[in-house]
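Remarks on the overall topology
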Amino acid sequence: MGAAVGAGLVTALAAGLALYGTGAGPGNAPAPCAASAAAVARVDAAARGDVAAMQAPEKARQAPDIAFKGPGKEVGGEGAQADVRLSDFRGRLVLVNLWATWCAPCKAEMPALDRLEAALGGKDFAVVAINLDTRNLDKPPVWMRDNGIARLAYYADPGGRVLPAVQRDTGSPGLPTTLLVDPAGCTIGVMKGPAEWSSPDGLALIRAALGRTS
């Protein structure tokens, strides 16, 4: 009996070491954004000139999985109809920009965001500019059309849930606020305020985040 108990104890200890002592168990699982450290470093190094205000976090963190509205087929791609979540963009680098028609700096940077999407948007990268107007909901898409914003899809949050979620996550008190989210859904940069996104500095920042040299 004693030998059997001793053997069982040895087996249990071995199992415990396998689970907790080797880093393979749940208590030692890697942080979900640990693999994003290299992208954070590239963003930090590229945050210069026109995009010097881009703040790379000390460590990448999971971006809030905000829910909003996107283009719906039932209206020919115009307006905001379909339910969308930020996690729907996994696999692509995403520049999430929050804007409103009552925010003058937001409107001033929209043409540059449109040019950035035209220059680099595709299967690896997208600009997701989310309008935060909660009244006169026909006004934002009309403003975009009247001001030649042709490459950005129209995303909106008429329910007013996105801004407080992003403010809690970033500590940004106003608009515009922009998050740079990597393909794993981790925040690797935050911009509080407007920027010249389509400038050489802006393009270099996005290419660096993508791991491209040119």
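For clarity, every value in this text was computed on a predicted model and none was experimentally measured.

Here we look at the overall build of the protein chain
Secondary structure summary: the protein chain contains 6 helices and 8 strands in total. Helices (α) and strands (β) of the protein chain occur, in sequence order from the N terminus, as α-α-β-β-β-β-α-β-α-β-α-β-β-α. Per-residue burial over the protein chain gives 42% buried out of 214 residues.

Section: empty space enclosed by the protein
Which parts of space are left empty comes out when a probe the size of a water molecule is rolled across the atoms. Following the criterion strictly, the structure yields 1 cavity of 30 Å³ or more and no others. Considered as a void within the structure, the largest cavity measures approximately 30 Å³ in volume. Lining of the largest cavity is provided by Leu86, Phe89, Arg90, Arg92, Val94, Val181, Asp182 and Gly185. Looking at the lining of the largest cavity residue by residue, the class counts come to 4 nonpolar, 1 polar and 3 charged.

A word on the confidence of the model for the protein chain
Interpretation of the predicted coordinates at a detailed level should be avoided for regions scoring low in pLDDT. Taken over all residues, the pLDDT of the protein chain has a mean of 87, while the share at 70 or more is 82%. Throughout residues 4–26 the model reports pLDDT below 50, and contacts reaching past four residues in sequence, or to other chains, amount to 7 contacts.

Topic: the packing of aromatic side chains
Following the criterion strictly, the structure yields 3 aromatic pairs and no others. Ring geometry for Phe68 versus Tyr155: centroids 5.7 Å apart, planes at 85°, classification edge-to-face. One end of the pair, Phe68, is in strand E2 (residues 67–70); the other, Tyr155, is in strand E6 (residues 155–156), and 87 residues separate them in sequence. With a centroid separation of 6.0 Å and an interplanar angle of 75°, the aromatic rings of Phe89 and Tyr155 are classed as edge-to-face. Here the residue Phe89 occupies a position in the loop between strand E3 (82–85) and strand E4 (93–99), and Tyr155 occupies one in strand E6, the gap between them amounting to 66 residues. For the pair Phe89 and Tyr155, a shared accessibility class is recorded, and that class is buried. Among the aromatic residues, ring-to-ring pairing joins Phe68, Phe89 and Tyr155 into one connected group.

Criteria and cut-off values
Residues numbered from 1 in each chain as written. Predicted model: local features only at pLDDT ≥ 70, side-chain atom pairs only at ≥ 80, totals over all residues. Heavy atoms only, no water. Helix = DSSP H or I, 4+ residues; strand = E, 2+ residues; numbered from the N terminus. Buried < 20%, exposed > 50% of the residue type's maximum accessible area, 1.4 Å probe, protein only. 1 Å grid on protein atoms, 1.4 Å probe; cavity = no way out; pocket = protein on both sides within 12 Å on 5 of 7 lines; lining within 4 Å. Points joined across faces, edges and corners; volume = space filled by probe spheres on them. Nonpolar A, V, L, I, M, F, W, Y, C, P; charged D, E, K, R; others polar. pLDDT = per-residue confidence, 0-100. Contact = heavy atoms within 4.5 Å. Phe/Tyr/Trp six-rings, centres within 6.5 Å; stacked < 30°, edge-to-face > 60°.

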